[in-house]
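Structural characterization, general
The chain contents come next:
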Amino acid sequence: MKYLILENIRSAYNVGAIFRTADGAGVSKLFLVGYTPAPVDRFGRVQPEIQKTSLGASHEILWEHQPTVEGVLERLKEEGVQVVAVEQASDAIPLKEFSVPEKVAYIFGNEIDGVSESARQRADMIVEIPMLGTKESLNVSVAAGIVLYHELVA
């Protein structure tokens, strides 16, 4: 069982791209947290940017919107899911050394600020994608693709 938690992602295009990749990688459900845009807003309107970039995958994968990450993490942990924050940190495990648990939830954070401190503290582990160039980060949708396909090609 594989889940994604998108915490305070700003771009609907990033969310749509992640839905599309998640579908291809066999993700069971996405949790859209905070101000992360949802495929359908609270008024029942379809979010066109998500629809466009997901190519319909937002209709195929279960999703739910929650106001805060803490409740989602508590619920998943009670179900025996290992929570993995994808973030650069001094105590992070390099992705190539990470063994994917049977039940996993990956947290991806805001495009600028990353995964919140609250979510990092509640995560079972932190995994990072090594960066070799001068830039310190990847686009969140690209990072999600790398992490999700790590287990499929490893």
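Above this text you will find the structure in question.
This write-up is about the structure you can find in this document. (Residues numbered from 1 in each chain as written. Predicted model: local features only at pLDDT ≥ 70, side-chain atom pairs only at ≥ 80, totals over all residues. Heavy atoms only, no water.)

1. Details of the overall build of the chain
Counting secondary structure elements, the chain contains 5 helices and 7 strands. Tracing the chain from N to C terminus, the helices and strands come up as β-α-β-α-β-α-β-β-β-α-β-α. Taking 2.2 N^0.38 as the reference for a compact globule, 154 residues should give roughly 15 Å; the C-alpha atoms of the chain span a radius of gyration of 14 Å, in line with that estimate. Structurally, the chain occupies a C-alpha span of about 40 × 35 × 30 Å along its principal axes. If you take every contact in the chain between residues at least 6 apart in sequence, the share linking residues at least 24 apart comes to 77%. Total accessible area computed for the chain in this model is approximately 8,100 Å², and 50% of it derives from carbon and sulfur atoms. Averaged over its 14 positive side-chain charges, the chain has a centre that lies 5 Å from the centre of its 21 negative ones. (Helix = DSSP H or I, 4+ residues; strand = E, 2+ residues; numbered from the N terminus. Rg over C-alpha atoms; globule rule 2.2 N^0.38 Å. Contact = heavy atoms within 4.5 Å. Areas by Shrake-Rupley, 256 points an atom, 1.4 Å probe, with all protein chains shown as cover. Lys, Arg positive; Asp, Glu negative; His and termini not counted. Charge placed at Lys NZ, Arg CZ, Asp CG, Glu CD.)

2. So, the sheet that holds strand 1 (residues 2-7)
Reading across from one edge, 3-2-1-6-4-7-5 is the order of the 7 strands in this open sheet, with parallel pairing throughout. Since the sheet does not close on itself, it has two edges, and those belong to strand 3 (62-66) and strand 5 (93-94), each with one partner. Two strands pair when backbone bridges link them, and strand 5 and strand 7 (residues 125-128) are joined in this way by 2 bridges, in the parallel orientation. By the bridge assignment for strand 7, Pro-94 is matched with Glu-128. This element, helix 5 (residues 140-153), spans strand 1, strand 4 (82-86) and strand 6 (104-108) of the sheet and lies at about 160° to strand 6. (Pairing = 2+ DSSP bridges. Axes fitted to C-alpha atoms, helices over the stretch in contact; angles between N-to-C directions.)

3. Observations concerning the nonpolar core
Counting residues in hydrophobic clusters, the biggest one holds 30 residues, and the most contacted among them are Leu-4, Leu-6, Phe-19, Leu-30, Tyr-106 and Phe-108. Leaving out residues up to four positions away in the same chain, Phe-19 has contacts with Leu-30, Leu-32, Pro-39, Ile-50, Ser-54, Ala-57, Ser-58, Ile-61 and Trp-63. Core analysis: the second largest hydrophobic core is formed by 18 residues, Phe-31, Leu-76, Ala-85 and Ala-92 among them. (Core = buried A, V, L, I, M, F, W, Y, C linked by side-chain atoms within 4.5 Å. Buried < 20%, exposed > 50% of the residue type's maximum accessible area, 1.4 Å probe, protein only.)

4. A short note on the environment of Glu-97
For Glu-97, the position within the fold is in the loop between strand 5 and strand 6. Taking the C-alpha atoms as reference points, Glu-97 and Glu-87, 10 residues apart in sequence, are found 15 Å from one another.

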